[in-house]
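# Remarks on the overall topology
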Amino acid sequence: MASEKAAYAALAGRHILLGITGSIAAYKAAMLCRLWRTAGAEVQVVMTPLAKQFITPLTMATLSKNPILVEFFNPENGAWNSHVSLGEWADCYVIAPATANTLAKMATGVADNLLLTTYLSARCPVVVAPAMDLDMYAHEATQQNLHTLARRGVRIVEPGTGELASGLSGKGRMAEPEEIAAFVNELLDGGRKTLAGKRLIVTAGATIEAIDPVRFISNHSSGKMGYAIAGELAARGAEVTLISGRTALPVPPGVKRVDVLSADEMYEATVGAFDTADGAVMCAAVADYTPENVSQTKIKKGDGEMYIRLRRTRDIAAELGARKGNRLLVGFALETDDEEAHAQSKLEKKNFDFIVLNSLRDAGAGFRGDTNKVTLIDRAGSEELPLMSKREVAARIVDRIEGLLTR
Ligand code: PMT
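For clarity, every value in this text was computed on a predicted model and none was experimentally measured. (Residues numbered from 1 in each chain as written. Predicted model: local features only at pLDDT ≥ 70, side-chain atom pairs only at ≥ 80, totals over all residues. Heavy atoms only, no water.)

### Re the overall build of the protein chain
The number of helices and strands found in the protein chain is 14 helices and 21 strands. Considering only C-alpha atoms, the protein chain reaches an extent of 90 × 45 × 40 Å along its principal axes. When the 407 residues of the protein chain are sorted by exposure, 50% land in the buried category. Looking at the protein chain alone, contacts between residues at least 24 apart form 67% of all its contacts between residues at least 6 apart. For the protein chain, the accessible area works out to roughly 18,900 Å², and carbon and sulfur atoms hold 52% of it. Counting 46 positive and 48 negative side-chain charges, the protein chain places the averaged centre of each group 4 Å from the other. (Helix = DSSP H or I, 4+ residues; strand = E, 2+ residues; numbered from the N terminus. Buried < 20%, exposed > 50% of the residue type's maximum accessible area, 1.4 Å probe, protein only. Contact = heavy atoms within 4.5 Å. Areas by Shrake-Rupley, 256 points an atom, 1.4 Å probe, with all protein chains shown as cover. Lys, Arg positive; Asp, Glu negative; His and termini not counted. Charge placed at Lys NZ, Arg CZ, Asp CG, Glu CD.)

### Considerations on the nonpolar core
Among the nonpolar cores identified, the biggest contains 37 residues, and L18, I20, W36, M60 and I180 are the most heavily contacted of them. Of all the secondary-structure elements, those providing two or more residues to this core are β1 (15–20), α2 (26–38), β2 (42–47), β3 (92–98), β4 (126–130) and α9 (177–188). Element by element, the count of residues in this core is highest for α2, at seven residues. Apart from the residues within four sequence positions on either side, W36 is in contact with L11, I16, L18, A41, V43, V94, A181 and V184. (Core = buried A, V, L, I, M, F, W, Y, C linked by side-chain atoms within 4.5 Å.)

### Considerations on the packing of helix α5 (residues 100–108) against helix α6 (residues 114–121)
Each pair of packed helices gets described by two things: the angle between the helix axes and the distance between those axes. One can describe the packing of α5 onto α6 by two numbers: an axis separation of 10 Å at closest approach and a directional angle of 40°. As the angle between them shows, α5 and α6 are arranged oblique. Seen along the crossing, α5 lies across α6 with a hand that is right-handed. Residue-level contacts link T102, K105 and M106 of α5 to L115, L116 and Y119 of α6. Per-class residue counts for the contact of α5 with α6 are four nonpolar, one polar and one charged. (Axes fitted to C-alpha atoms, helices over the stretch in contact; angles between N-to-C directions. Parallel < 35°, antiparallel > 145°, perpendicular 65-115°, else oblique. Left-handed = near helix turned anticlockwise from the far one by under 90°. Nonpolar A, V, L, I, M, F, W, Y, C, P; charged D, E, K, R; others polar.)

### Some details on the pattern of salt bridges
Any two side chains of opposite charge can pair, on the condition that their charged atoms come close. Counted under the stated rule, the structure contains 28 salt bridges. A salt bridge links R257 to D259; the shortest N-O distance between them is 2.9 Å. Its relative accessible area of 29% is what places R257 among the partly exposed residues. Residue classification places D259 among the exposed residues on the basis of a relative accessible area of 53%. (Salt bridge = Lys/Arg side-chain N within 4 Å of Asp/Glu carboxyl O.)

### Here we look at α6
Across the eight residues of α6, six count as buried, placing the element largely inside the fold. If you check which residues of α6 are buried, you get L114, L115, L116, T117, T118 and Y119. Its side-chain oxygen at 3.1 Å from the backbone nitrogen of L115, N113 defines the N-terminal cap of α6. (Polar contact = N/O pair within 3.5 Å; in protein donor to acceptor, adjacent residues only side chain to side chain.)

### Topic: unusual backbone geometry
Residue P97 follows A96 across a cis peptide bond; omega there is 0°. Within the secondary structure layout, P97 lies in strand β3. Positive phi outside glycine occurs at D338, with the angle close to 45°. With respect to the helices, strands and loops of the structure, D338 is situated in the loop between β16 (328–335) and α13 (339–349). One non-glycine residue, R368, lies in the positive phi region at around 70°. Mapping R368 onto the fold places it in the loop between β17 (354–359) and β18 (371–372).

### Focus on the site of the ligand
Around the ligand, the structure places 29 residues, and the nearest of them are S222, M282, K346, N358 and R368. At a separation of 3.1 Å, a nitrogen atom of the ligand approaches a polar backbone atom of I316. Taking K350, its side chain carries an N or O atom lying 2.9 Å from an oxygen atom of the ligand. The fraction of the free accessible surface of the ligand (780 Å²) that becomes covered by protein chains is 95%. Of all the secondary structure elements, the ones that give two or more residues to the shell around the ligand are α10 (224–235), α12 (316–322) and β16. The element that contributes the greatest number of residues to the shell around the ligand is β16, accounting for four residues. A class-by-class count of the residues in the shell around the ligand yields 13 nonpolar, eight polar and eight charged. (Near = heavy atom within 4 Å.)

This is the structure we're talking about:
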């Protein structure tokens, strides 16, 4: 017991919501619940109606020391089981075992039982431990659903390989309770080092294109959004190189910053670092044009108009997109009109895995402020997030990156 406490130290005092679905592996949920209770966590259990056929509510209520929740309301006294408050109570929602049926419903937003409505309203990290027969697990539909969930930030504890309830042997056995408990422990550990060993590049801030020693062309980017992403990646254990335009922001802990000024300098630094990286997040607002000739002396005022001839800069993101292979590439799109269409076209042209759209038409979004309102778009669809702090937006973006890099 003492060793379990030490092994899962991050769980002491935490609130874990355990979702159980109708699978033979439900018996392992009893052991999982006991491990968490021993580690000092509070556990509440929500079961699908079918799960009761596999493990009794009495067993789970005894082990969790809490009543079991199955229905939307108690038929005896009409008391409402609020999925919203369950989702708010939990520090982590772990669905173990998760059947192919429940994973499909989660992926498509079906809300026909308490376990699923709780998933849809949960604000905490969600973990699933799939359990099913090998062919069901390998089926393209299940794999697509898992991919969709991972993309949305759901963590997946991969099933093991071995003898299955059907008598067949292969991949589909739910992970062992100790493995799931350790996964949740790491997730809830202050450091959340879920990206340890991953190398990521983040570009941030505005580039500066000199006209002469005094003047330049630039934009309003403060670097806040990119710095928040770099900080969140580093907090989760990633090795982060932040390629930054000029800004007064402090370097987030654990992040290596490379200072650049112009789009050309940012190009060289970013392309150079990409070879050894696992991915890049292109948050910088990079100049698309730069003066063709930079005057070495201050340009003097004349009587008439003056014109500056501009040349195109190199597109850093497009270059990384062309050479990305299986590395991850996340882009941004700052738009003022026809937002989704422009973002979709950049997603394709630059070969991003997903793109973060922010529009200057949304109050509190875009440059300089501490908030942003974004839509995450990939080839499967788009997810519109409400107005949040840039830190929260960064956490949501990194959830998605984590889902894609740790699958
Ligand atoms: O820094 P803040 O004040 O916090 O503001 C944050 C932000 C508004 C700058 C940020 O959220 C954002 O939207 N960044 C991208 C802005 C932008 O220039 O988007 P774009 O649509 O022009 O470029 C599309 C993508 O290509 C971006 O990922 C951009 O980094 C990249 N790009 C563009 C041109 C170029 N030459 N090289 C590039 O890599």
